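In case you want the letters, here they are:
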Amino acid sequence: MKKIKITLIVFLLLIGCSQNGSEVNIYTSRHYDSDDELYALFTEKTGIQVNVISGKGAALIERIKAEGENSPADIYFTVDAGNLWKVQSEGFFQSISSNKINSIVPENLRGPNNEWIAIAKRARVIFYNPKKISKDEIKNLSYEDLSNPKWKGRIVIRSSNNMYNQSLVASLISNNGIENTEIWGKGLISNFARKPQGNDRSQIMAVANEEADLAIANSYYIGLMLSGTKGSEQLEAAKKVSIHFPNQNNRGAHINISGAGILKSSPNSKNAIKFLEFLLSEEMQKNIVNNSYEYPILENIDPHPLIKNFGTDFKEDRTSVTDYGELNPEAIKLMDRVGWK
Ligand code: FE
């Protein structure tokens, strides 16, 4: 009898555990191997098992749609506010209610109704070759100035189908209006050194190789290249370029985010909140910035030394990242109108 009782208790405990959700299911389109470490550390700390499904953003969204109410997904983890906004606009997210998260993540780095939040920041900045352009010449350069004919044939940037560029253009629309941004866009594309091609790192390479004088790319790529993990060619190229953080028009460098939201149908939403809170802890913020070369959300944490070297006292554009999503359709249309391939 006693044995049966013990078996029953163990059984009930197990059921209890699984009903309380001893797991969290993360759908991620982030492609950093170092994220696996975050998941393992979370399990170590909380005993909550992390199940990860990774894939391209669009494929993951299709999967969540197909799974519907029965989706096991708790968290959608991705880069760029534009992507998070898209998931929200499909109605997939719930409001994240955590005082801890609200007190850590500034309002301009959260989605409407707190349906998604930033985990780390990245700046989309101007890379230049100090051999060709002096600090003095570049120090007052704004994103707006990139349409000046002075830069004819000297600028490289990737294509308009890239979300990072769409978000940058959306931020300019938000601050300067559609008409002004369209005039700017026409000027910018007439300054291109080549037809848009390649990823952000290939724009930095083009500046290093003197195919162009200025490149627009995300800040963390230079850390990645300088770390040597992308090979010696990229390492040597990265050593030849410097970063200019635009600081004009009372704004500052364009800031975007890595972030996450909790799915409406999340079966383990409490664990999902715990996981997001965990990512915003000091220890994990350190881990994130040291592996992805992004900027932390917590202000008392330093970015990776390779990133810190470029300076940390630059001004950050406080435009709400929600605008990048809301104005994304306008940005895409505008880029198409000006002939940005
Ligand atoms: Fe990226």
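Residues numbered from 1 in each chain as written. Predicted model: local features only at pLDDT ≥ 70, side-chain atom pairs only at ≥ 80, totals over all residues. Heavy atoms only, no water.

Examining the side chain of Asn218
So, step 1. Tracing the backbone shows Asn218 in strand β7 (residues 214-218).
So, step 2. The buried category is assigned to Asn218, whose relative accessible area is 3%.
So, step 3. A polar contact of 2.9 Å, which involves the side chain of Asn218, links it to the side chain of Arg124.
So, step 4. Apart from the residues within four sequence positions on either side, Asn218 is in contact with Arg122, Ala123, Arg124, Phe127, Tyr164 and Asp200. (Helix = DSSP H or I, 4+ residues; strand = E, 2+ residues; numbered from the N terminus. Buried < 20%, exposed > 50% of the residue type's maximum accessible area, 1.4 Å probe, protein only. Polar contact = N/O pair within 3.5 Å; in protein donor to acceptor, adjacent residues only side chain to side chain. Contact = heavy atoms within 4.5 Å.)

Looking at the coordination of the iron ion
So, step 1. The coordination sphere of the iron ion contains the protein donors Tyr164 (OH), Tyr220 (OH) and Tyr221 (OH), at a distance range of 1.9 to 2.0 Å.
So, step 2. The sequence motif formed by the donor residues of the iron ion is Y-x55-Y-Y. Of this pair, Tyr164 sits in helix α7 (residues 163-176) while Tyr221 is found in helix α10 (residues 220-226), placing the two residues 57 residues apart along the sequence.
So, step 3. With relative accessibility at 9%, the residue Tyr164 sits in the buried group.
So, step 4. Owing to a relative accessible area of 9%, Tyr221 belongs among the buried residues under this scheme. (Donors = N, O, S within 2.8 Å, 3.2 Å for Na, K, Ca; no water.)

Observations regarding unusual backbone geometry
So, step 1. A positive phi angle, near 55°, is found at Asn114, a position not held by glycine.
So, step 2. Position of Asn114 relative to the elements: it lies in the loop between α5 (99-104) and β5 (117-128).

Brief notes about the domain arrangement of the chain
So, step 1. When the domains of the chain are assigned, the result is domain 1 (2-121 + 256-303) and domain 2 (123-254 + 312-337).
So, step 2. The centre of domain 1, based on its C-alpha atoms, is set 30 Å off from the matching centre of domain 2.
So, step 3. Listed by partner, the interface residues are 22 residues for domain 1 and 24 residues for domain 2.
So, step 4. Per-residue buried area on domain 1 facing domain 2 is highest for Asn108, Tyr293 and Tyr295; these three make up 33% of the total on that side.
So, step 5. Inspection of the region where domain 1 meets domain 2 yields one salt bridge.
So, step 6. A salt bridge links Glu316 to Lys121; the nearest nitrogen and oxygen atoms lie 3.1 Å apart.
So, step 7. Summed over the shared surface of domain 1 and domain 2, the number is four residue pairs in polar contact (both at pLDDT 80 or more). (Domains from an automatic or database assignment. Buried area = accessible area lost by both parts, 1.4 Å probe. Salt bridge = Lys/Arg side-chain N within 4 Å of Asp/Glu carboxyl O.)

Concerning helix α2 (residues 35-46)
So, step 1. The end-to-end C-alpha separation of α2 is 17 Å, in line with the 16 Å expected for twelve residues at 1.5 Å each.
So, step 2. Taken as a whole, α2 has its buried residues at Asp35, Leu38, Tyr39 and Phe42. Along the axis of α2, the buried residues cluster in a sector spanning 95°; they form a single face.
So, step 3. Of the surrounding secondary structure, the elements contacted by the buried residues of α2 are β1 (23-28), β2 (49-54), β3 (75-79), α12 (269-279) and α13 (282-292).
So, step 4. Once α2 finishes, Gly47 follows within two positions and takes phi at roughly 80°, a positive value. (Expected span 1.5 Å × (residues − 1). Arc of directions from axis to C-beta.)

A short note on the pairing of β5
Residues in a regular strand project their side chains so that they alternate between the two faces of the sheet.
So, step 1. By the criterion of burial, β5 is predominantly enclosed, with twelve of the twelve residues buried.
So, step 2. Alignment of β5 against strand β9 (residues 254-263), held across seven bridges, turns out to be antiparallel. Residue pairing across strands places Ala120 opposite Ser258, the latter belonging to β9.
So, step 3. Summarising the sheet, β5 and β7 pair through five bridges and their orientation is antiparallel. When the bridges of β7 are listed, Ile126 appears paired with Ile216.
So, step 4. Alignment of β5 against strand β8 (residues 242-244), held across three bridges, turns out to be antiparallel. Bridging from a neighbouring strand, Ile126 pairs with His244 of β8. (Pairing = 2+ DSSP bridges.)

Looking at the environment of Thr28
So, step 1. With respect to the helices and strands, the residue Thr28 is situated in strand β1.
So, step 2. Expressed as a C-alpha distance, the spacing of Thr28 and Ile101, which sit 73 residues apart in the sequence, is 20 Å.
So, step 3. The residues contacting Thr28, other than those within four sequence positions of it, are Tyr39, Val52, Ile53, Ser54, Gly55, Leu60 and Phe77.
So, step 4. A distance of 2.9 Å separates a polar side-chain atom of Thr28 from the backbone nitrogen of Arg30.

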